[in-house]
Amino acid sequence: MAAIKSVGILTSGGDAPGMNAAIRAVTRSAIFNGLKVKGIYRGYKGLIANEIVTFKTQNVSNIIQQGGTILKTARSMEFKTKEGRKTAYDNMSAAGIDALVVIGGDGSLTGARIFAEEYNVPIIGIPGTIDNDLYGTDRTIGYDTALNTIMDAVDKIRDTATSHERLFFIEVMGRDAGFLALNGAIAVGAEDAIIPEMATEVDQLAELIENGFRKSKNSSIVLVAESETTGGAMGLAERVKNEYPQYDVRVTILGHIQRGGSPTSTDRILASRLGYAAIEALLEDQRNVMVGVENDKVVYVPFARAIKNEKPIDRDLLNVLRILSI
Ligand code: ADP
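Residues numbered from 1 in each chain as written. Predicted model: local features only at pLDDT ≥ 70, side-chain atom pairs only at ≥ 80, totals over all residues. Heavy atoms only, no water.

(A) Summary view of the packing of aromatic side chains. Per the stated rule, a full pass over the model turns up six aromatic pairs. Centroid distance Tyr44 to Phe79: 3.8 Å. Interplanar angle 0 degrees. Geometry classified as stacked. One end of the pair, Tyr44, is in helix H2 (residues 43-48); the other, Phe79, is in the loop between strand E3 (52-55) and helix H3 (82-94), and 35 residues separate them in sequence. Take Tyr44 and Phe79: they sit in the same class, and that class is buried. (Phe/Tyr/Trp six-rings, centres within 6.5 Å; stacked < 30°, edge-to-face > 60°. Helix = DSSP H or I, 4+ residues; strand = E, 2+ residues; numbered from the N terminus. Buried < 20%, exposed > 50% of the residue type's maximum accessible area, 1.4 Å probe, protein only.)

Have a look at this one:
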């Protein structure tokens, strides 16, 4: 295999705080090892549109503390087509890029896997998503910051909630994964969390009401993961109005504040370690793996294992939440 001389880096899909710290780590580790770095703007969309710029160490100065991604991110329907990926490959070859580092979530790494197989390009994935829904890593970049944002917001809502006797549904992100809802609920001392992992098993709303959620409380806070199945916080509130009209229910949807803000130290350190590990992986001739952490050690996870593998919720966490909220 020819030695890698130039690495392209892109961020793709949903943005997450800490992506910049990862871009910085990849760029500087690559330059330290004598590699050239090309920043690709707007994810796969920018690769197809040829938005490729040479990166020096200064390009990533003063970004470790910034949320979002300086490379911008995008979704690209074109990259899902063979023609789109051909243009992407032609552009990257013309720019002299011979390996890619892709920072993103499940969708972005799925795209990376297909592209790598089609064109025999070495690609390393870095898990960047607030949802924490990639298998083979204990945490994804952005998850800890989002969790802390949720905690701060819900603490504020609780101040007003305790002044009234109400049921508060607070919707958080995580369409397919309840990590933010469940761990957020534990962190704020909420009564319950309604999460997608349990959606097909039980009627979580009926269970919540039947358990007598307000027996010893003035007001109750329930974190709800956004969901098409339950309709999220709005859908559940509608059900309460129809099925349990004796309760006064209020809804807050936290929305995009969960993606923003300066990354926590945990996310900055994780992003720095994974960015460094991505370049180490390329230098060791690894390809088509995601770098992750398990038990605080860096691990390399084949794309096939990292994506579309359900990362299970720890059921003990549900017990912690429910027992501690009596
Ligand atoms: P995330 O990476 O945050 O999960 P998306 O699911 O939106 O975000 O995926 C980001 C991008 O990855 C998509 O817009 C698309 O360009 C690419 N992608 C996702 N799935 C595929 C696929 N099956 N084939 C090729 N590219 C894909």
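(B) Representation of the site of the ligand in the model. Looking at the ligand, there are 15 residues lining it, with Arg75, Ser76, Gly105, Gly107 and Ser108 nearest. For the ligand, an oxygen atom lies 3.0 Å from a polar atom in the backbone of Gly105. In isolation the ligand exposes 550 Å². Once the protein is present, 79% of that is buried. Per-element tally for the shell around the ligand: the top contributor is helix H4 (residues 106-119), with six residues. Considering only residue class, the shell around the ligand consists of three nonpolar, nine polar and three charged. (Near = heavy atom within 4 Å. Polar contact = N/O pair within 3.5 Å; in protein donor to acceptor, adjacent residues only side chain to side chain. Areas by Shrake-Rupley, 256 points an atom, 1.4 Å probe, with all protein chains shown as cover. Nonpolar A, V, L, I, M, F, W, Y, C, P; charged D, E, K, R; others polar.)

(C) The pattern of salt bridges, seen in detail. The tally for this structure, following the rule as stated, stands at 15 salt bridges. Where Asp248 meets Arg250, a salt bridge forms, and the shortest distance between an N and an O atom there is 2.8 Å. Under the relative-accessibility criterion, Asp248 is labelled partly exposed at 32%. The class for Arg250 is partly exposed, based on a relative accessible area of 32%. (Salt bridge = Lys/Arg side-chain N within 4 Å of Asp/Glu carboxyl O.)

(D) Representation of the sheet that holds strand E8 (residues 220-225). Overall, parallel pairing links the four strands, which are arranged E7-E8-E6-E9 in an open sheet. The sheet terminates laterally at strand E7 (192-194) and strand E9 (249-253), the two strands that pair on one side only. Between one strand axis and the next, the sheet turns by 25 degrees as a mean value, whatever way the strands run. (Pairing = 2+ DSSP bridges. Axes fitted to C-alpha atoms, helices over the stretch in contact; angles between N-to-C directions.)

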